[in-house]
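One-letter residues, chain by chain:
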Amino acid sequence: MPTKRTPPWDGLLIDCRLATLTANGEPYGAIQQGAIGWKDGLIAYAGPLADLPDRPAALAARVESAGNAWITPGLVDCHTHLVFGGNRAPEFERRLQGESYEAIARAGGGIVSTVRATRALDEDALYAASLPRLRALIADGVTTIEIKSGYGLDVESETKMLRVARRLGTEHGIDVRTTFLGAHALPPEYAGRGDDYIDLVCNDMLPAVAAEGLADTVDAFCEGIGFSPAQTRRVFERARALGLPVKLHADQLSDLGGAALVAEYGGLSADHIEYTSEDGVRAMARAGTVAVLLPGAFHCLRETKLPPIDALRAHGVPMAVATDLNPGTSPLGSLRLAMALACTHFRLTPEEALRGATMHAARALGLADRGTLAAGQRADFVLWSIDHPAELAYWLGGQLVRGVWAGGRRLVPA
């Protein structure tokens, strides 16, 4: 008796329009009558429906019609501070009344206030506080997310944050990339002793994080209210010795040469960069460092100094877009809204914004296996209720997601 042949793919969506973001000569890398199939967590086929190698039913264990809906790569949020305790809504009111972010921070608010709230929570409580924020991002199309520490500022609390971040990814089917940001602010117990605190970061925190395998990258806040270029160099040198790649909160409030500094270390990304000079942009271009644009913080702080968008375009520096989700300066829980803000504030095109929240964001995390729809890439993709990809940056809010797949597993609807 003949044996029944097992279809080669795990799933196949037909009757869909694909925004592949590949270089096929069409805006958005579009395929108007397409199909996408996946196997073992990877894309097996993404192309014209007419070019499928066999009948759909023979190709996949499960075949569904997408009803001519659009599919894009899964969104990648490459800069977040998602794990934290409490919130800073009262500071939002103070800024609206005229106080500056710097003045609030120097008076004991800002990052340090979130440090107090985060230290007070045990791991389970911190996980519970962070989970709704993760779920909101997934429901909006995010399939890969970076989560930083930086609200602990001691060995125990920093490692706690990173363990919670890892747990969020493991338990919810989303790829979480973790970043150690111990050099985020001075904790109260080190007030006026910045170099001593950097000693702690380099000699105690970083080795502890590396020993547990808790961080994929290392970050720092190089700014007048953060850490100097010299102190940042010390962190980067220690990260390099431990085999960890670096990125940087660079040139957000002033030009301290942060973009050029992180480029010097072959950094994955320079983030914020409102004040980065053209020399800094050139250094990023030479090093292959991605510019991560964070329009949520720009919007909430009512900044007026724009990142050097024209220079980034002129020198071919990839521009990623991220939420910068954090309790103080960017309480933004939608990467789609970040895309919209990048278009309105920074004058990105909708296609640049989508590429920034997919392929360029993946590159900012050192990931080459996602961000486009192509065979061999991770099966991370989103099915949208839209008539054109530009709508992803056009609509301010609203529910546009019909389905989210990460590694071939459907996350939304669960």
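Bear in mind that the values here come from a model prediction, so they are computed numbers and not experimental data. (Residues numbered from 1 in each chain as written. Predicted model: local features only at pLDDT ≥ 70, side-chain atom pairs only at ≥ 80, totals over all residues. Heavy atoms only, no water.)

Undergrad: Can you walk me through the overall build of the protein chain in this structure?
TA: Counting its secondary structure elements, the protein chain contains 16 helices and 16 strands. For the protein chain, buried positions account for 57% of its 414 residues. Restricting the contact set of the protein chain to residue pairs at least 6 apart, pairs at least 24 apart contribute 70%. Side chains of the protein chain carry 40 positive and 48 negative charges; the gap between the two charge centres is 3 Å. (Helix = DSSP H or I, 4+ residues; strand = E, 2+ residues; numbered from the N terminus. Buried < 20%, exposed > 50% of the residue type's maximum accessible area, 1.4 Å probe, protein only. Contact = heavy atoms within 4.5 Å. Lys, Arg positive; Asp, Glu negative; His and termini not counted. Charge placed at Lys NZ, Arg CZ, Asp CG, Glu CD.)

Undergrad: Is there a simple way to think about the packing of helix 6 (residues 155-172) against helix 7 (residues 194-211) in this case?
TA: Between helix 6 and helix 7, the least distance of the axes is 10 Å, while the angle of their chain directions is 30°. Relative to helix 7, the element helix 6 is oriented roughly parallel. Here helix 6 runs over helix 7; the crossing is right-handed. The residues of helix 7 that touch helix 6, namely those facing Val155, Glu158, Thr159 and Leu162, are Asp204, Met205, Ala208 and Val209. Across the contact of helix 6 with helix 7, the residue classes tally to 5 nonpolar, 1 polar and 2 charged. (Axes fitted to C-alpha atoms, helices over the stretch in contact; angles between N-to-C directions. Parallel < 35°, antiparallel > 145°, perpendicular 65-115°, else oblique. Left-handed = near helix turned anticlockwise from the far one by under 90°. Nonpolar A, V, L, I, M, F, W, Y, C, P; charged D, E, K, R; others polar.)

Undergrad: Which parts of the structure should I look at to understand the packing of aromatic side chains?
TA: How two aromatic rings sit relative to each other is given by the distance of their centres and the angle of their planes. Considering all chains together, one arrives at 10 aromatic pairs under this definition. Considering the side-chain rings of tryptophan 9 and tyrosine 45, the 6.2 Å spacing of their centres and the 15° angle between planes classify their relative orientation as stacked. Of the two residues, tryptophan 9 is situated in the segment before strand 1 (11-19) and tyrosine 45 in strand 3 (residues 42-48); the sequence distance between them amounts to 36 residues. Taken individually, tryptophan 9 and tyrosine 45 each receive the classification buried, so the pair is uniform in this respect. Plain terms: the ring middles of tyrosine 394 and tryptophan 395 are 4.9 Å apart, the flat faces sit at 70° to each other, and that makes the pair edge-to-face. (Phe/Tyr/Trp six-rings, centres within 6.5 Å; stacked < 30°, edge-to-face > 60°.)

Undergrad: Whenever I open this one, the nonpolar core confuses me. Can you help?
TA: One recurring pattern in soluble globular proteins: nonpolar side chains tend to sit buried together. Ranked by internal contacts, the top residues of the largest apolar core, which has 98 residues, are Leu82, Val83, Ile145, Leu168, Phe180 and Leu312. For this core, the element with the most residues is helix 7, which contributes 8 residues. A domain split of this core shows at least three residues from each of domain 1 (9-73 + 372-412) and domain 2 (75-365). Every residue in contact with valine 83, bar those within four places of it in the chain, is listed here: Leu126, Ser130, Arg133, Ile147, Tyr151, Met161, Val164, Ala165 and Leu168. One finds Leu13, Ala66, Ala69 and Ala379 within the second-largest nonpolar core, a separate group that totals 15 residues. (Core = buried A, V, L, I, M, F, W, Y, C linked by side-chain atoms within 4.5 Å. Domains from an automatic or database assignment.)

Undergrad: What exactly am I supposed to notice about the pairing of strand 1 here?
TA: Residues in a regular strand project their side chains so that they alternate between the two faces of the sheet. Of all 9 residues that make up strand 1, 8 are buried, and the element is covered over most of its length. When strand 1 meets strand 2 (residues 30-39), the two strands line up antiparallel, connected through 6 bridges. For leucine 18, the partnering residue across the bridge sits in strand 2 and is isoleucine 31. Here strand 1 runs beside strand 4 (residues 63-65); their pairing, made up of 3 bridges, is parallel. If you follow isoleucine 14 over to strand 4, its bridge partner there is serine 65. The sheet contact formed by strand 1 and strand 5 (residues 70-73) spans 2 bridges and is parallel. Considered in strand 5, the bridge of leucine 18 is made with isoleucine 71. (Pairing = 2+ DSSP bridges.)

Undergrad: Hey, could you run me through the domain arrangement of the protein chain in this one?
TA: Many authors give the size of an interface as the accessible area that is lost as the parts come together. What the domain assignment reports for the protein chain is domain 1 (9-73 + 372-412) and domain 2 (75-365). In this complex, domain 1 contributes 28 residues to the contact, which on the side of domain 2 involves 22 residues. Between domain 1 and domain 2 the total buried area reaches about 1900 Å² when both faces are included, carbon and sulfur atoms providing 64% of it. Area buried by domain 1 at its contact with domain 2 is led by Leu21, Tyr28 and Ala393, which between them contribute 28% of it. Between the two partners, domain 1 and domain 2, sit 0 salt bridges. Summed over the shared surface of domain 1 and domain 2, the result is 6 residue pairs in polar contact (both at pLDDT 80 or more). Mapped by element, the contributors of at least two residues to the side of domain 1 that touches domain 2 are strand 5, strand 14 (381-384), helix 16 (391-394), strand 15 (401-406) and strand 16 (409-412). The element that contributes the greatest number of residues to the side of domain 1 that touches domain 2 is strand 15, accounting for 4 residues. (Buried area = accessible area lost by both parts, 1.4 Å probe. Salt bridge = Lys/Arg side-chain N within 4 Å of Asp/Glu carboxyl O. Polar contact = N/O pair within 3.5 Å; in protein donor to acceptor, adjacent residues only side chain to side chain.)

Undergrad: Looking at this structure, how should I read the environment of aspartate 77?
TA: Along the polypeptide, aspartate 77 turns up in strand 6 (residues 75-77). Apart from the residues within four sequence positions on either side, aspartate 77 is in contact with Leu137, Val142, Thr144, Ile145, Glu146, Ala322, Thr323 and Leu335.

Undergrad: Any chance you could explain the pattern of salt bridges here in plain terms?
TA: Note that side chains of opposite charge can pair when their charged atoms are close. As enumerated under the stated definition, the model contains 29 salt bridges in all. Among the ionic pairs, arginine 163 bridges to glutamate 212, the shortest N-O distance being 3.3 Å. A residue pair is termed long-range when its members are at least 10 positions apart, and arginine 163 in helix 6 and glutamate 212 in the loop between helix 7 and strand 9 (217-222) qualify at 49 residues. The partly exposed category is assigned to arginine 163, whose relative accessible area is 28%. Beyond isolated ion pairs, a larger network of salt bridges with shared partners links Arg166, Asp175, Arg177, Asp216, Asp369 and Arg370.

Undergrad: Please clarify how empty space enclosed by the protein should be interpreted in this entry.
TA: The gaps of empty space that remain are located by a probe, the size of a water molecule, rolled over the atoms. Under the definition given, this model contains 2 cavities of 30 Å³ or more. The calculated volume of the largest cavity comes to roughly 140 Å³. If you go around the largest cavity, you meet 14 residues; those closest to its centre are Tyr101, Ile111, His184, Asn326 and Thr329. For the lining of the largest cavity, the residue count by class is 5 nonpolar, 7 polar and 2 charged. Roughly 30 Å³ of volume is contained in the second largest cavity. As for the second largest cavity, its lining consists of Glu146, Arg177, Thr178, Thr179, Asp216, Thr217, Lys247 and Leu365. Grouping the amino acids of the lining of the second largest cavity by side-chain chemistry returns 1 nonpolar, 3 polar and 4 charged. (1 Å grid on protein atoms, 1.4 Å probe; cavity = no way out; pocket = protein on both sides within 12 Å on 5 of 7 lines; lining within 4 Å. Points joined across faces, edges and corners; volume = space filled by probe spheres on them.)

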